[in-house]
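Architecture and fold: a report
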Amino acid sequence: MITPAFDLSQDAEYLILSIRVPYTRTSEFDLYIDGSDFKFYAKPYFLRLSLPGRIVEDGREKAKFDIDKGLVTLWVPKETAGEHFEGLQMLTSLLAPKGSRSAKPLIEDLSTGCSEAAGDDEDDDEEEFDWQVEQEVYKESSEEELRALPKYGFGNRRSGVFARLQEELSDVTDIKNPEGRPAAERRQARLDAEAAAFSPDHYLADLFEDEEIKGLLKFRPWWAKLSPSTEQEGEAAVSFNDGEKEQLRKFTNRSYLLDKTSRYQVWLSLVDILLAYSYEVRSTEGEHNVESAWTIRKLSGTLCWLETYSSLQDVLVSFGRRVLCYPLYRHFSMVSAVVRDTIKILQSGKACVLKCLLDIHKVFRENDPAYILNDLYITDYCIWIQRVKSNKMSALALTLQKASLRKKDLELALEELEQAATMVAEEEGERGASDCPPISHSDCSSASSDSSSNSSDESEESEAEGQGCTKSNQGGGGEMSKDNPLQPQPSSAASPIPQEPTGTLFSAERKVDALPSASEGSRQLIQELGERVAEELKISQECIYKAERKCSQANSAAAKTEATSGRSSSGTLLELSPRRNPLLIVQTQKDLDE
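In short, a report on the structure. Because the structure is predicted, anything quoted here is derived from the model rather than measured.

The helix and strand inventory of the chain stands at 24 helices and six strands. For the chain, the share of sequence-separated contacts (at least 6 apart) that also reach a separation of at least 24 residues comes to 73%.

Right, dumping it as structure tokens:
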């Protein structure tokens, strides 16, 4: 028999079923309605549903068949008019026969490596059998050995998978040989790897050059645009596309018996996976790319390190550290925005969470070898989430909303690093302001134009130079020392000679050393920043000195020209010229006596 594609909706009085049965006879289909059981048969299609509410067959039921689309639409009356049937979008759970939630084996071994014998499991699903497993002689394992094996996967129900698929899984997870490493050892290895991967340069670059990150923070993902549900109070109206519905029908219905500890860890790992997914959607603005699978699994400690968390705070700290260590955009504001996104997803209800998980499943399914993570985690989450109660989701969203994450919780010395970098920037800004006086380009240009216009006549220029020298000798050389560019006298206000700005660097280093918890990496980084800024300031001062010297030359030439024109027009006596000019007529004392 073939399970047809179907969809369910409801109004106040009817449960509406849309069943697609192409290439079948319209006159040959049977219905069976009994309380919460519904059965439909139209050769070769058979559909059996276990509904969340009761329906009746009282003559009000009606059907419609669209031959072109091969679509049968059924209106079945509700036993209690106005009753709301919850979870009609959870197609996988609806496919379970009546009583299957307790009739199926209460303990189901999902591990492909712990089966009794391959030949005896004829009822196992084909998708759970791995044809690539290397064949080995079966060895009986004692109960103590089975308990000693580290557990991982959904609800910590898997073990032995990496022993056979180490070559494939080495490209999916960062942990090596997880079979021989307990959870505590895996956690310490993860923390060490994050500390080694953290780059202060990358973090500071994103901190001070955050134009692109500001654009990502303004992005509104699809769950932020959902409208409130008219059927379920407090939840959002979520619709699934045809591909998502098809995937829901493909899932094998399973029951999960989880103890209190495992159930708590499943919820925490769900938050961790949703955080990684929310970051990927925001960082790509909703457009998945070839790096999407890498980003999701890399930012999730659950998927990348098979981590099992003990508190919600541990989840937030792990996610925050990984955001600042691995992806392209490493900004703490992105962490805060993604936490708000995850809260919104949880508040929107389990249908919204299921849609996110289906999207992750699709991304991993299309990526080799990330598809293995579907078998370990995502598929089970897609099936399990359909049966959880909505109030559990609301309680988790409220707990996450009350949680807080600060930079110091990440233990990466972020506050000390930012404070030290800010000190260096402020010190260099003050140093640059004191050593770089503003230069008036208009004064230089006007002085240069006056000088060029007044120096066209060679004889006047010679006479002006002679008068300038004589007056300088009489006045003690003050004007020569002030205006002659060949003998520059730096003023006490600001010296044009470039000097090594080491004072700023030493001052910044002393302030960094004074910080109570500044790390060695922060001190080294600040020292490098100081040296770079000092070198740039030295080059800048040399350029300013050259500009001031040219401007001083232009001003000196202009002043000389003005003095020459003034003295020549006043009719003073001729003075000795410093140049030897036989044609120059000098008036002697004898001529004066005559």
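Turning our attention to the pattern of salt bridges. Evaluated as defined, the whole model comprises 17 salt bridges. A salt bridge links Lys245 to Asp7; the nearest nitrogen and oxygen atoms lie 2.8 Å apart. In this pair, Lys245 sits in helix α9 (residues 242-250) while Asp7 sits in strand β1 (residues 5-10), placing the two residues 238 residues apart along the sequence. Under the relative-accessibility criterion, Lys245 is labelled buried at 18%. Of the residues examined, Asp7 reaches a relative accessible area of 30% and is grouped as partly exposed. Between Lys298 and Asp174 there is a salt bridge, with the nearest N and O atoms lying 2.7 Å from each other. In this pair, Lys298 sits in helix α11 (residues 292-299) while Asp174 sits in the loop between α5 (166-169) and α6 (183-197), placing the two residues 124 residues apart along the sequence. Classification of Lys298 as buried rests on a relative accessible area of 10%.

A separate point is the packing of α6 against helix α13 (residues 312-323). Across the interface, α6 lies against α13 with an axial gap of 9 Å and an inter-helix angle of 30°. The orientation of α6 with respect to α13, classified from their angle, is roughly parallel. For the pair α6 and α13, the sense of crossing is left-handed. Across the interface between the two elements, Arg190, Leu191, Glu194 and Ala195 of α6 pack against Ser318, Arg321 and Arg322 of α13. For the contact of α6 with α13, a count of residues per class yields two nonpolar, one polar and four charged.

As a further point, take the pairing of strand β3 (residues 30-42). Strand direction decides the pairing type here: β3 and strand β4 (residues 45-55), joined by seven bridges, are antiparallel. Looking across to β4, one finds that Ala42 is bridged to Tyr45.

Moving on to the side chain of Asp341. Position of Asp341 among the secondary structure elements: in helix α14 (residues 332-347). Sequence-distant contacts of Asp341, defined by excluding residues within four places in its chain, comprise Pro221, Trp223, Ser278 and Arg282.

A grouping of Lys260, Arg263, Lys389 and Lys392 is seen on the molecular surface, where their side chains present a positively charged patch. As for its position among the elements, Lys260 is in helix α10 (residues 260-283). Look at Lys260 and you get exposed, because its relative accessible area is 69%.

Relative to the 21 Å expected for 15 residues at 1.5 Å per residue, α6 spans 21 Å between its end C-alpha atoms, a close match to the ideal helical length. Of all the positions in α6, only Arg186, Ala189, Arg190 and Glu194 are classed as buried. Seen along its axis, α6 keeps its buried residues to an arc of 135°; they face one direction. Every exposed residue of α6 that faces more than 90 degrees away from the buried side is listed here: Ala184 and Ala196.

This next bit is on the environment of Pro52. Here Pro52 lies in strand β4. Separated by 17 residues in the primary sequence, Pro52 and Gly35 have C-alpha atoms spaced 9.9 Å apart. Excluding residues within four positions of it along the chain, Pro52 makes contact with Phe85, Glu86, Leu88 and Leu94.

This paragraph deals with the sheet that holds strand β5 (residues 62-66). Pairing in this open sheet of four strands is antiparallel, and the strands run β1-β2-β6-β5 from one edge to the other. Of all strands in the sheet, those bounded by a partner on one side alone are β1 and β5. This sheet shows a mean twist of 15° between the axes of neighbouring strands, independent of strand direction. Sheet analysis places strand β2 (residues 14-20) next to strand β6 (residues 71-77), joined by seven bridges and oriented antiparallel. Bridge assignment links Tyr14 to a residue of β6, and that residue is Pro77.

Turning our attention to the packing of aromatic side chains. On inspection of all chains with the given rule, the structure shows eight aromatic pairs. Ring centres of Phe198 and Tyr203 lie 6.1 Å apart, and the angle between their planes is 50°; on these two criteria the pair is classed as tilted. Following the ring pairs from residue to residue traces out a cluster consisting of Phe154, Tyr256, Trp267, Tyr381 and Trp384. Above the face of the Tyr32 ring, Lys39 is positioned so that its terminal group lies 5.0 Å from the ring centre. The ring of Tyr326 carries Lys298 above its face, with NZ or CZ at 4.9 Å from the centroid.

Rules used in this analysis
- Residues numbered from 1 in each chain as written.
- Predicted model: local features only at pLDDT ≥ 70, side-chain atom pairs only at ≥ 80, totals over all residues.
- Heavy atoms only, no water.
- Helix = DSSP H or I, 4+ residues; strand = E, 2+ residues; numbered from the N terminus.
- Contact = heavy atoms within 4.5 Å.
- Salt bridge = Lys/Arg side-chain N within 4 Å of Asp/Glu carboxyl O.
- Buried < 20%, exposed > 50% of the residue type's maximum accessible area, 1.4 Å probe, protein only.
- Axes fitted to C-alpha atoms, helices over the stretch in contact; angles between N-to-C directions.
- Parallel < 35°, antiparallel > 145°, perpendicular 65-115°, else oblique.
- Left-handed = near helix turned anticlockwise from the far one by under 90°.
- Nonpolar A, V, L, I, M, F, W, Y, C, P; charged D, E, K, R; others polar.
- Pairing = 2+ DSSP bridges.
- Patch = residues over 30% accessible without salt bridge, like charges linked within 9 Å, V, L, I, M, F, W, Y side chains within 5 Å.
- Areas by Shrake-Rupley, 256 points an atom, 1.4 Å probe, with all protein chains shown as cover.
- Lys, Arg positive; Asp, Glu negative; His and termini not counted.
- Charge placed at Lys NZ, Arg CZ, Asp CG, Glu CD.
- Expected span 1.5 Å × (residues − 1).
- Arc of directions from axis to C-beta.
- Phe/Tyr/Trp six-rings, centres within 6.5 Å; stacked < 30°, edge-to-face > 60°.
- Lys NZ or Arg CZ within 6 Å of the ring centre and 35° of its normal.

Worth remembering: the numbers are spatial, not functional.
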